[in-house]
Each structure stands twice: as structure tokens, then as C-alpha cells.
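# Understanding the architecture of this molecule
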Amino acid sequence: MLAKLKTFSLLGIDALPVEVEADVSASALPKNILVGLPEAAVKESTHRVERALVNSGFIRPGGRVVINLAPAELPKNAASFDLPICLGILLGSGQIQCEKLDQYAVVGELALDGGTRPVKGALSMAMATAAIDGVRGIVVPAASAAEAAVVEEVEVIPVASLAEAVGFLTGELDIPPAPARVEELFQSLSNYDIDFADVRGQEMAKRAITVAAAGAHNVLMVGPPGSGKTMLAKRIPTILPELLPAEAIETTRIYSAMGLLAPGQALMTRRPFRDPHHTISNAGLVGGGSVPAPGEISLSHNGVLFLDELPEFTRSTLEVLRQPMEDHHVTISRALTSSTFPANFMLVAALNPCPCGYRNDPRRSCHCTVPQIERYMARISGPLLDRIDIQLEVPSVPYRELSATGAPGTTSGQIREQVTVARRVQQARFKGSKTRLNAHMSHRELRKHCTLDEPCQELLKAAMSELGLSARAHDKVLRVARTIADLDSAERIAPPHLSEAINYRLLDRSLWT
């Protein structure tokens, strides 16, 4: 007897439809055959399924069982096929009769006692279910139900065991769909434990970071050890606007497919902050593998990617950032397939001014020679620095600002208000366009929204001559100046706005002489 069920296979972060066909026929010796390009985790499912059947009170078929996972050319590499395979065997052997199978897709990993375990990519599978005509919902493990229920267009049926799945599909057990709690999740999980008020001093650096957050500009901080670069970077998500529901779902898809969601976390409600170690590989940073998987730049999507000790990263690893920083996505191509992952992140990098870290520090002497400093800085290519809009110096903090009696610093709430107002201005400016923020303006939009009067043109011309700015750096300066003007609620870019933007091109000046 032949049975067919709907399920899904993850490829990257996308869930692709798969049909499970189970055929049970009489044979002298029991034998299980699994076809359809299964990987190791799927091949091993036959052993889990056998014990789950028996331990749940069902009978293991004594004949020949052939299980086909279609389409055959799509690699299947997940334990989420356990539950549909098990149900297919029960249907094929005539032990149960289900009338709801045409209306529901099924995913789930099984334990040997018949219980269900969470699966990766439940959110993507629920979204794929919503795109299939005639399918009402999806049956998922109870531990993954809250995540899948974020998709309100489908019924998400949570099951804790094989017996519950059988009871629901046969109509013997009524299981209500898991509720979508998107608003509740945003209210309970959107708070931060850190604040910009924790950073004593560095008000100039906070100003530059405010500009960067308002326009989604990339930032590079140069300063001695202990000056607060990492503290500043870790607090940038606290001043960015809250994730929109669509952004939260898009970000959650990536973390769900990688199995990185914390237990009980159904939705990413805070902007991600990723700080990989400098020993990371190219594939770890941008994504890769025989079956393409997202890297750190995709895990930073809609958030912040922080690269501390930038010159310590291998040059080849840093160079692969250049294209995703411009296109906001990355395509990983392999011989048999290619996958495109979102990578719209805000890059924040930090480095010391020299190998010892104390160049130009008035309180510590630096013994690094000019050739040593040049070799140290040469690890970062000019084209990569060109793509970083704001480059600022973060000096050591004097004692009077560190002391407990010092004035409290600017809080994240105060900065977030400024950032939110500036972003509203940008939303109104780019209404009807794919562009949302100043940092992403096209050349045509740049010419339209960043017109300069005569004094500003003379100022920019002098800066380009003295600093040797490239055409890309010229555009970066204009984008930053437009953001500064938005923070100032100004219609046009004025000389003070442009002058501040030029001052943020620290590494274009002769810093090391």
C-alpha cells in the first residue's frame, strides 16, 4: 500500500517542498530501503523510526518498506524527516487511516521513545507552507511550535509525540493551533541590559556613532587599548530603532536555519550583534560549505557586525567583505547549487593605532618604528577602508571622567530618539524607492538629495585635494553629511555638516607621520 505526505527540506535558509512516499509490501524478509538522495542524518532515521514505532505501541511492518523522498535530485540532510517517514509507514501498512494529510505538512525529529524533538528552520517551513495552495497548516514538534506560529497565515499544530501526531491526523485528538504571540514577544524580549550611559566620557565618539546609526553608516574606531572601543560597539544595537515585524522574521529565519535560536526564543526581537574572532575563515565570515550555509555577515543581517582588532584578520578574509558591503547580500555558488543570503549589516571595526597600541597616547610611550606601523596598517586594504564611511579616533579617557563623581554620560534612550527622528526623515525622503537609509543612496539619489551650494563645493573640493579622496569616498562624505543634516533637521547640507563629515575621514589623513 502506498502513502504520500508533504514535508520540507532546508537548503540554506529556504525550505523546499518534499513529498515522502512510503510503500509497504509483503516480503519473505523485512527490509527498509530509503531513496531520494538522503544524507547520513536521513539514512539513520530508519533505525530511529523503527524503535519509535514499537515504543509508541505500533507494529513494525514485517515486509519490504520503500521510502522515496522526492524530488530525487534535491539533497536531504536533516532529521526532520523522521515524523513524516514514520507516519508514511503507518499509513502504508494500514495501521492508521488519515483524512487530513492533504491539508497539513508534517516535520519533526523523533526520539526512540516516540517523543518529538525540535527541528531547524521551523519558521522557513511555516512560511513555505503558507505559499502552498490547499494546505491549511503544518504539524511540528511542540518545542518548535512557537517559532513556526509567528507565521499567522497557517495553522501550526504542536505535537509532543508520534502518538499525538497520529491522534490529530486521524481525528481522534483535537489539538488547537499554537497562537501567534508576535506583539507579546516584542514587549517581553526587546529590552537591553546595557546602555550608552555605562560608557564614561567619549562624547565625541558617541556623536559619531549617533550619525552612523542614524544613516546606517559603517564605522572604524582607532584608539589605544582600554579606551572604550568595544564598549561603544556593543551598545550600538541599543540606539538603533526596534526591528520591524518583517525584519524580525527575516532575521529569525537565518538563526532558525542555523539552529542558533535560544530555547524558548520564538522570534529575534533585538537587533543581532556579532563579534567573530580574528581567526575566522572566509567561509565562516561570508558563508560556505558543500551545502551553502550563512556566515557571520548574514547572522548580522539587520544588525551590527563588529570586527575587533581589524588588522589581525587575514587580508583575504577582509577582502571578501567588499562585495556584500555594497550589495547587502551574498551569493554562495557551488557546482550543483547556489544560495543567496541577506547581508544588510552595519560594519563596526576597531583597531589600535600601532602594534603596541599606544601611538600618540600622551600617557604611554610607543616604541614602534614607522616601518612596523606601515606593515601593521598595510594588512587593511585601501578599497576596504574606502567603504567605511566614518573613521574616528577614540582617545584614552581622563580620570576625571572615569570617577564616580563625574557627570553621567548620554543614555541610549536619548540617542535613540535622535536616531529615530532622523530615520523618519529618510523614510519620507525615499518613499516609493527601494532605498531606505542615506548610506544606501544610489548615485542618482545622491545627486538629487545632496546638492551643495558654492561654499560647500569649495570646502569639498579642498578636502578632496588635500586628503586625496577617491570618487567612492567623495560619495561617502556626501551621504554622511546628509545624515548630519537630517539630525540637525536641515533641508540642505550646510558647511558645518559637510565639515563634520570630512573630519570623519581619519585614515585619509597622514595619521602616522
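Residues numbered from 1 in each chain as written. Predicted model: local features only at pLDDT ≥ 70, side-chain atom pairs only at ≥ 80, totals over all residues. Heavy atoms only, no water.

### Digging into unusual backbone geometry
Where we set the bar: Strands here mean DSSP runs of E at least two residues long; helices mean DSSP runs of H or I at least four residues long; both are numbered from the N terminus. The classification of residues rests on relative accessible area computed with a 1.4 Å probe and restricted to protein chains. Under 20% of the type maximum is buried, over 50% is exposed, and intermediate values are partly exposed.
The amide bond that connects A70 to the next residue, P71, takes the cis arrangement and shows omega of 5°. Positive phi, normally seen in glycine, also occurs at L37, with a value near 60°. Within the element layout of this structure, L37 appears in the loop between β3 (31–35) and α1 (40–43). Positive phi, normally seen in glycine, also occurs at N302, with a value near 65°. Within the fold, N302 resides in the loop between α12 (296–299) and β14 (304–307). A relative accessible area of 9% means that N302 is categorised as buried.

### A look at the nonpolar core
Proteins that are soluble and globular tend to have nonpolar side chains buried together. Filter applied, for reference: As used here, the term nonpolar core means buried Ala, Val, Leu, Ile, Met, Phe, Trp, Tyr and Cys residues forming a set that is joined through side-chain atoms within 4.5 Å. Between two residues, a contact is recorded if the distance between any of their heavy atoms is within 4.5 Å.
Of all hydrophobic cores here, the largest spans 50 residues; its most connected members are M221, L232, I236, V348, I390, L392 and L498. With eight residues, the single largest contributor to this core is helix α21 (residues 471–487). Residues contacting M221, with those up to four places away along its chain left out, are I209, K229, L232, A233, V348, A349, A350, L351, L392 and V394.

### Structural notes on the packing of helix α3 (residues 82–92) against helix α6 (residues 162–169)
Inclusion rule: To define axes, lines are fitted to C-alpha atoms, for helices over the stretch in contact only, and angles between the resulting N-to-C directions are given on a 0 to 180 degree scale. Angle categories are assigned with fixed cut-offs, so that under 35 degrees is roughly parallel, over 145 is roughly antiparallel, 65 to 115 is roughly perpendicular, and the rest are oblique. Should the near helix be turned anticlockwise from the far one by less than a right angle, the crossing is left-handed, and should it be turned clockwise, the crossing is right-handed. Put simply, Ala, Val, Leu, Ile, Met, Phe, Trp, Tyr, Cys and Pro go in the nonpolar bin, Asp, Glu, Lys and Arg in the charged bin, and everything else, Gly too, in the polar bin.
One way to put it is that α3 packs onto α6 with a least axis distance of 11 Å and a crossing angle of 60°. Taken together, the axes of α3 and α6 lie oblique to each other. Note that α3 runs across α6; the crossing there is right-handed. Contacts between α3 and α6 involve L83, C86, L87 and L90 on the former and, on the latter, L162, A165, V166 and L169. Of the residues belonging to the contact of α3 with α6, the class tally is eight nonpolar, no polar and no charged.

### A look at the environment of C450
Tracing the backbone through its elements, the reader meets C450 in the loop between α19 (443–449) and α20 (454–467). For C450, a relative accessible area of 5% gives the class buried.

### Section: empty space enclosed by the protein
Our working definition: With a 1 Å grid laid over protein atoms only, a set of points is called a cavity when a 1.4 Å probe fits there but cannot get out and a pocket when it is open yet has protein on both sides within 12 Å along at least five of seven lines; lining residues have an atom within 4 Å of a point. Grid points are joined across faces, edges and corners, and a volume is the space filled by probe spheres set on the points.
Taken as a whole, this structure holds two cavities of 30 Å³ or more when the rule is applied. Put simply, the largest cavity is a space of about 70 Å³. What lines the largest cavity is N32, T46, V49, E50, L53, R60, P61, V65, I67, I85 and I89. Secondary structure elements with two or more residues in the lining of the largest cavity: α2 (45–55), β4 (64–70) and α3. Sorting elements by how many residues they give to the lining of the largest cavity places α2 first, with four residues. What the second largest cavity holds in volume is close to 30 Å³. Lining the second largest cavity are A146, V150, P179, R181 and L185. Classifying every residue of the lining of the second largest cavity by side-chain character gives four nonpolar, no polar and one charged.

### As for the layout of surface pockets
The volume enclosed by the largest pocket comes to roughly 1100 Å³. Of all the secondary structure elements, the ones that give two or more residues to the lining of the largest pocket are α10 (245–257), α14 (322–327), α18 (412–429) and α21. Tallied by class, residues from the lining of the largest pocket come to 12 nonpolar, 13 polar and 14 charged.

### Brief notes about the sheet that holds strand β10 (residues 219–222)
The condition is simple: Here a strand pair is declared whenever DSSP counts at least two bridges between the two strands.
The strand order β11-β14-β17-β10-β18 describes an open sheet built from five strands, whose pairing is parallel. What marks the edges here is a single partner per strand, and that holds for β11 (273–274) and β18 (390–393).

### Quick look at the pattern of salt bridges
Filter applied, for reference: The term salt bridge refers to a pairing of a side-chain nitrogen on Lys or Arg with a carboxyl oxygen on Asp or Glu at a separation within 4 Å.
Evaluation of the coordinates by the stated rule reveals 20 salt bridges. A salt bridge links E247 to R271; the nearest nitrogen and oxygen atoms lie 3.5 Å apart. You can see E247 sitting in helix α10 and its partner R271 sitting in the loop between α10 and β11, a full 24 residues away along the chain. Residue classification places R271 among the buried residues on the basis of a relative accessible area of 10%. Among the salt bridges present, the one from R429 reaches D486, with a minimum N-O distance of 2.6 Å. Of this pair, R429 sits in helix α18 while D486 sits in helix α21, and the two are 57 residues apart along the sequence. Its relative accessible area of 1% is what places D486 among the buried residues. If you follow the salt bridges from partner to partner, you end up with E326, D386, R387, R472 and R505 in one network.

### Remarks on the packing of aromatic side chains
This is how it is decided: Think of it this way: a Phe, Tyr or Trp ring, Trp meaning its six-membered ring, pairs with another when their centres are within 6.5 Å, and the plane angle makes it stacked under 30 degrees, edge-to-face over 60, tilted otherwise. We call a charge positioned above a ring when the Lys NZ or Arg CZ atom is no farther than 6 Å from the ring centre and deviates by at most 35 degrees from the ring normal.
Going through the model one piece at a time under the given rule, you end up with two aromatic pairs. Arranged with centres 5.2 Å apart and planes meeting at 85°, the rings of Y104 and F168 form a pair that is edge-to-face. Residue Y104 is found in strand β5 (residues 104–106), and its partner F168 is found in helix α6; the two are separated by 64 residues along the sequence. F168 carries the same exposure label as Y104, and that label is buried. Between the NZ or CZ atom of R270 and the centre of the ring of Y192, over which it lies, the distance is 5.6 Å. The ring of F430 has R429 sitting right over it, with the charged end atom 5.8 Å from the ring centre.

### Side note on α20
Definition in use: By definition here, a helix of n residues has an expected span of 1.5 Å times n minus one. Of all possible arcs, the one meant is that of the directions from the helix axis to the C-beta atoms. Polar contact criterion, stated in full: a pair of N or O atoms within 3.5 Å, where within protein one must be able to donate a hydrogen and the other to accept it, and residues adjacent in sequence count only if both atoms are side-chain atoms.
For α20, which comprises 14 residues, the first-to-last C-alpha distance of 20 Å matches the rise-based estimate of 20 Å (1.5 Å per residue) to within 8%. Inspection of α20 places C456, L460, A463 and L467 among the buried residues, and these make up the whole buried set. Down the axis of α20, the buried set is contained in an arc of 60°. They therefore lie on one face. Along α20, exposed side chains directed more than 90 degrees from the buried face belong to K461, S465 and E466. The opening residue of α20 is D453, an N-cap whose side-chain oxygen sits 3.0 Å from the backbone nitrogen of C456. Just downstream of α20 lies G468, where phi reads positive at about 65°.

### Here's the deal with the environment of A490
By secondary structure assignment, the location of A490 is in the loop between α21 and α22 (495–503). Put simply, A490 and L74 are 416 residues apart on the chain and 55 Å apart in space, counted from C-alpha to C-alpha. Residues in contact with A490, not counting those within four places in the same chain, are R482, A485 and H497.

Everything listed here is a matter of coordinates, which is why it stays silent on function.
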